[in-house]
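Here is what each chain is made of, one letter per residue.
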Amino acid sequence: SSAYGYSQALDGTWEEYQEDEGGRGAKRNRITDATDFMGWYMSKTTEVTGVSLGDVRNQYLAYHEGRGGFQRGTYKAKSWLLRIAAEVADRAQVYKSQLSSCKVRL
């Protein structure tokens, strides 16, 4: 199994996404498909693990380790990954703050 494309999706996970979404034409090297995949994956993570979409740190860990690895706690022995997950969560807070102060609404 290999990770490929913008989302670094594994072959089997990408195939699951295509079957679930009916997106047989989706391509891992197309940014719009990759971002849709990431949203799909994170929503499924919420369903499977209970990690909320707003829990950036744990969503990141589950994306990196896979849902099964996350549930087994494989990330706990990876101090470098825990550090990066904390940085990602901090960055998300900065982006949230910046977005809330924008005058133009998306």
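Residues numbered from 1 in each chain as written. Predicted model: local features only at pLDDT ≥ 70, side-chain atom pairs only at ≥ 80, totals over all residues. Heavy atoms only, no water.

*Asks:* Would you mind showing me how to read the overall build of the protein here?
*Replies:* On a plain count of helices and strands, the protein comes out with four helices and two strands. Helices and strands appear in the protein in the N-to-C order β-β-α-α-α-α. Principal-axis analysis of the C-alpha atoms places the extent of the protein at approximately 40 × 40 × 25 Å. Relative to its full complement of 106 residues, the protein shows a buried share of 30%. Pairs at least 24 residues apart make up 29% of the contacts formed inside the protein by residues separated by at least 6 positions. For the protein, the accessible surface area stands at approximately 7000 Å², while carbon and sulfur atoms represent 52% of it. Computed over 15 positive and 13 negative side-chain charges, the inter-centroid distance for the protein is 6 Å. (Helix = DSSP H or I, 4+ residues; strand = E, 2+ residues; numbered from the N terminus. Buried < 20%, exposed > 50% of the residue type's maximum accessible area, 1.4 Å probe, protein only. Contact = heavy atoms within 4.5 Å. Areas by Shrake-Rupley, 256 points an atom, 1.4 Å probe, with all protein chains shown as cover. Lys, Arg positive; Asp, Glu negative; His and termini not counted. Charge placed at Lys NZ, Arg CZ, Asp CG, Glu CD.)

*Asks:* For this particular structure, what's the right way to read the packing of aromatic side chains?
*Replies:* What characterises a pair of aromatic rings is the spacing of the ring centres plus the angle enclosed by the ring planes. Following the criterion strictly, the structure yields ten aromatic pairs and no others. On the basis of an interplanar angle of 40° and a centroid distance of 5.3 Å, the ring pair of Trp14 and Phe37 is categorised as tilted. Within this pair, whereas Trp14 is found in helix α1 (residues 11-21), its partner Phe37 is found in helix α2 (residues 31-49), the two being separated by 23 residues in sequence. There is no split in this pair, since Trp14 and Phe37 are both buried. The aromatic ring of Trp40 is capped on one face by Arg67, whose charged end is 5.9 Å from the ring centroid. Positioned above the aromatic ring of Tyr41, the side-chain terminus of Arg67 is 4.0 Å from the ring centre. (Phe/Tyr/Trp six-rings, centres within 6.5 Å; stacked < 30°, edge-to-face > 60°. Lys NZ or Arg CZ within 6 Å of the ring centre and 35° of its normal.)

*Asks:* Mind showing me how you'd approach the layout of surface pockets here?
*Replies:* Rolled over the atoms, a probe sized like a water molecule indicates the empty space that remains. Approximately 330 Å³ is the volume attributed to the largest pocket. For the lining of the largest pocket, the secondary structure elements donating two or more residues are α2 and α3 (56-72). Looking at the lining of the largest pocket, the element that brings in the most residues is α3, giving five residues. Here the lining of the largest pocket is built from residues that sort into seven nonpolar, four polar and no charged. Its boundaries defined by the atoms lining it, the second largest pocket holds a volume of some 250 Å³. (1 Å grid on protein atoms, 1.4 Å probe; cavity = no way out; pocket = protein on both sides within 12 Å on 5 of 7 lines; lining within 4 Å. Points joined across faces, edges and corners; volume = space filled by probe spheres on them. Nonpolar A, V, L, I, M, F, W, Y, C, P; charged D, E, K, R; others polar.)

*Asks:* Is there a simple way to explain the pattern of salt bridges in this structure?
*Replies:* In a structure, side chains of opposite charge can pair up when their charged atoms sit close to one another. The final tally for this structure, using the stated rule, is six salt bridges. A salt bridge links Lys44 to Asp20, with the nearest nitrogen and oxygen atoms 3.3 Å apart. Residue Lys44 is found in helix α2, and its partner Asp20 is found in helix α1; the two are separated by 24 residues along the sequence. A cluster of three or more residues bridged by salt bridges with shared partners is formed by Asp20, Lys44 and Glu47. (Salt bridge = Lys/Arg side-chain N within 4 Å of Asp/Glu carboxyl O.)

*Asks:* I would appreciate a short explanation of the packing of α3 against helix α4 (residues 79-100) in the present structure.
*Replies:* Working note: a packed helix pair is described by the angle between its axes plus the distance between those axes. Running from N to C, α3 and α4 cross one another at 135°; their axes reach a closest spacing of 8 Å. On the basis of the axis angle, α3 is oblique to α4. Of the two possible hands of crossing, α3 and α4 adopt the one that is right-handed. Residues Val56, Arg57, Tyr60, Leu61, His64 and Glu65 of α3 form the contact with α4, whose own contacting residues are Trp80, Leu81, Leu82, Ile84, Ala85, Val88, Ala89 and Ala92. (Axes fitted to C-alpha atoms, helices over the stretch in contact; angles between N-to-C directions. Parallel < 35°, antiparallel > 145°, perpendicular 65-115°, else oblique. Left-handed = near helix turned anticlockwise from the far one by under 90°.)

Any link to function would need more than the numbers given here.
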